[in-house]
Amino acid sequence: DVQLVESGGGLVQPGGSRKLSCAASGFTFSNFGMHWVRQAPEKGLEWVAYISSGNSTIYYADTVKGRFTISRDNPKNTLFLQMTSLRSDDTAMYYCARSGSGFAYWGQGTLVTVSA
Amino acid sequence: DIVMTQSQKFMSTSVGDRVSITCKASQNVRTAVAWYQQKPGQSPKALIYLASNRHTGVPDRFTGSGSGTDFTLTINNVQSEDLADYFCLQHWNYPLTFGAGTKLELK
């Protein structure tokens, strides 16, 4: 079975940094592009970033461009999101999702709270 | 950026009814639209991809339709477990964009 398990969330001060991880299993990770999607409390879904299977193509939402970096380690089946210069409006549940057929598979999410 | 408009934030229904949730794209996205269901405290669940293809395991009472700019998710014979939030997504162009969501509630 496909599994995506996010980790690394927590409480961060404004201006701080945090690195999220997404451990993938149950499929050949290196064959699929991957996304990060976030959801602020009681709000809708916002696409954050995409990385292609071989790292050659990366896209970011304008709201995070220049502050967040998506990366992956294919031998370790892990996706990352390095977040810097965090602001209160970055507070959200962060999900990783596998590309292909829309987003067929999502993780359970990891909560990032930006607050003093 | 492509804007996905779900004009109905809330829809009221009864068990056994048929309900249609709509999503309008601000420009032509062909059939690059997916639909998701989300219940409180859970991650989104994929229902439909490429506008009209049901994911494995999704009950056949869920049907997606549309192309270009107008898309519809129809739920026939609504069940109590279908009460949830529903989101559309366009994956034709980056940045990918979601609709704001439609909450399906009981009358």
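These figures come from a predicted structure and were not determined experimentally.

Cut-offs and rules
- Residues numbered from 1 in each chain as written.
- Chains lettered and ligands numbered in written order.
- Predicted model: local features only at pLDDT ≥ 70, side-chain atom pairs only at ≥ 80, totals over all residues.
- Heavy atoms only, no water.
- Core = buried A, V, L, I, M, F, W, Y, C linked by side-chain atoms within 4.5 Å.
- Buried < 20%, exposed > 50% of the residue type's maximum accessible area, 1.4 Å probe, protein only.
- Contact = heavy atoms within 4.5 Å.
- Buried area = accessible area lost by both parts, 1.4 Å probe.
- Salt bridge = Lys/Arg side-chain N within 4 Å of Asp/Glu carboxyl O.
- Polar contact = N/O pair within 3.5 Å; in protein donor to acceptor, adjacent residues only side chain to side chain.
- Helix = DSSP H or I, 4+ residues; strand = E, 2+ residues; numbered from the N terminus.
- Disulfide = S-S within 2.5 Å.
- Pairing = 2+ DSSP bridges.
- Axes fitted to C-alpha atoms, helices over the stretch in contact; angles between N-to-C directions.

Focus: the nonpolar core
Item 1. A:Trp36, A:Leu79, A:Leu81, A:Tyr94, A:Phe103, A:Trp106 and B:Phe98 are the most contacted members of the largest nonpolar core, which has 41 residues in total.
Item 2. Membership of the second largest hydrophobic core comes to 23 residues, among which are B:Val58, B:Phe62, B:Ile75 and B:Leu104.

Things to note about the interface of chain A and chain B
Item 1. Each side of the interface is counted separately: chain A has 17 residues, and chain B has 17 residues.
Item 2. Carbon and sulfur atoms make up 70% of the area that chain A and chain B hide from each other, which totals about 1400 Å².
Item 3. Where chain A touches chain B, the interface holds zero salt bridges.
Item 4. Summed over the shared surface of chain A and chain B, the number is five residue pairs in polar contact (both at pLDDT 80 or more).
Item 5. When residues of the side of chain A that touches chain B are traced back to their parent elements, those giving at least two are β4 (34-39) and β5 (45-51) of chain A.
Item 6. For the side of chain A that touches chain B, the element with the most residues is β5(A), which contributes four residues.

Description of the state of the cysteines
Item 1. The final tally for this structure, using the stated rule, is two disulfides over all chains.
Item 2. Linked covalently through their sulfurs, A:Cys22 and A:Cys96 form a disulfide whose S-S length is 2.1 Å. Residues A:Cys22 and A:Cys96 are joined by a disulfide whose S-S torsion is about 60°; by sign, that bridge is right-handed. Here the residue A:Cys22 occupies a position in strand β3 (residues 18-25), and A:Cys96 occupies one in strand β9 (residues 92-98), the gap between them amounting to 74 residues. For the pair A:Cys22 and A:Cys96, a shared accessibility class is recorded, and that class is buried.
Item 3. A sulfur-sulfur separation of 1.9 Å characterises the disulfide bridge that pairs B:Cys23 with B:Cys88. Across the S-S bond of B:Cys23 and B:Cys88 the torsion is about 60°, and the bridge reads as right-handed. Remark: B:Cys88 occurs in strand β9 (residues 85-90) and B:Cys23 occurs in strand β3 (residues 19-25); sequence separation between them is 65 residues.

Some remarks on the environment of B:Gly68
Residues and elements named next belong to chain B.
Item 1. Secondary-structure assignment places Gly68 in the loop between β7 (62-67) and β8 (70-75).
Item 2. In the structure, Gly68 is positioned 38 residues away from Arg30 in sequence and 4.5 Å away in space, judged by C-alpha atoms.
Item 3. Aside from chain neighbours lying at most four places away, what touches Gly68 is Ala25, Gln27, Asn28, Val29 and Arg30.

Focus on the sheet that holds strand β1 (residues 3-7) of chain A
All names here are of chain A.
Item 1. The strand order across the open sheet built from four strands is β1-β3-β8-β7, with neighbouring strands paired in antiparallel fashion. Because the sheet does not close on itself, it has two edges, and the strands there are β1 and β7 (68-73). Across the sheet, the mean angle from the axis of one strand to that of its neighbour is 15°, orientation sign disregarded.
Item 2. In the sheet, β7 pairs with strand β8 (residues 78-83) via six bridges, with the strands oriented antiparallel. Paired with Thr69 across the bridge in β8 is Gln82.

Section: the side chain of B:Asp82
Item 1. With respect to the helices, strands and loops of the structure, B:Asp82 is situated in the loop between β8 and β9.
Item 2. Excluding residues within four positions of it along the chain, B:Asp82 makes contact with B:Gln37, B:Arg61, B:Phe62, B:Ile75, B:Asn77 and B:Leu104.

Here we look at the environment of A:Thr91
All names here are of chain A.
Item 1. If you trace the backbone, Thr91 turns up in the loop between β8 and β9.
Item 2. When the C-alpha positions of Thr91 and Ala40 are compared, they lie 6.0 Å apart, and in sequence the two are 51 residues distant.
Item 3. When sequence neighbours within four positions are dropped, the list of residues in contact with Thr91 reads Ala40, Pro41, Val112, Thr113 and Val114.
Item 4. Here Ser88 takes part through its backbone oxygen, which lies 3.0 Å from a polar atom of the side chain of Thr91.

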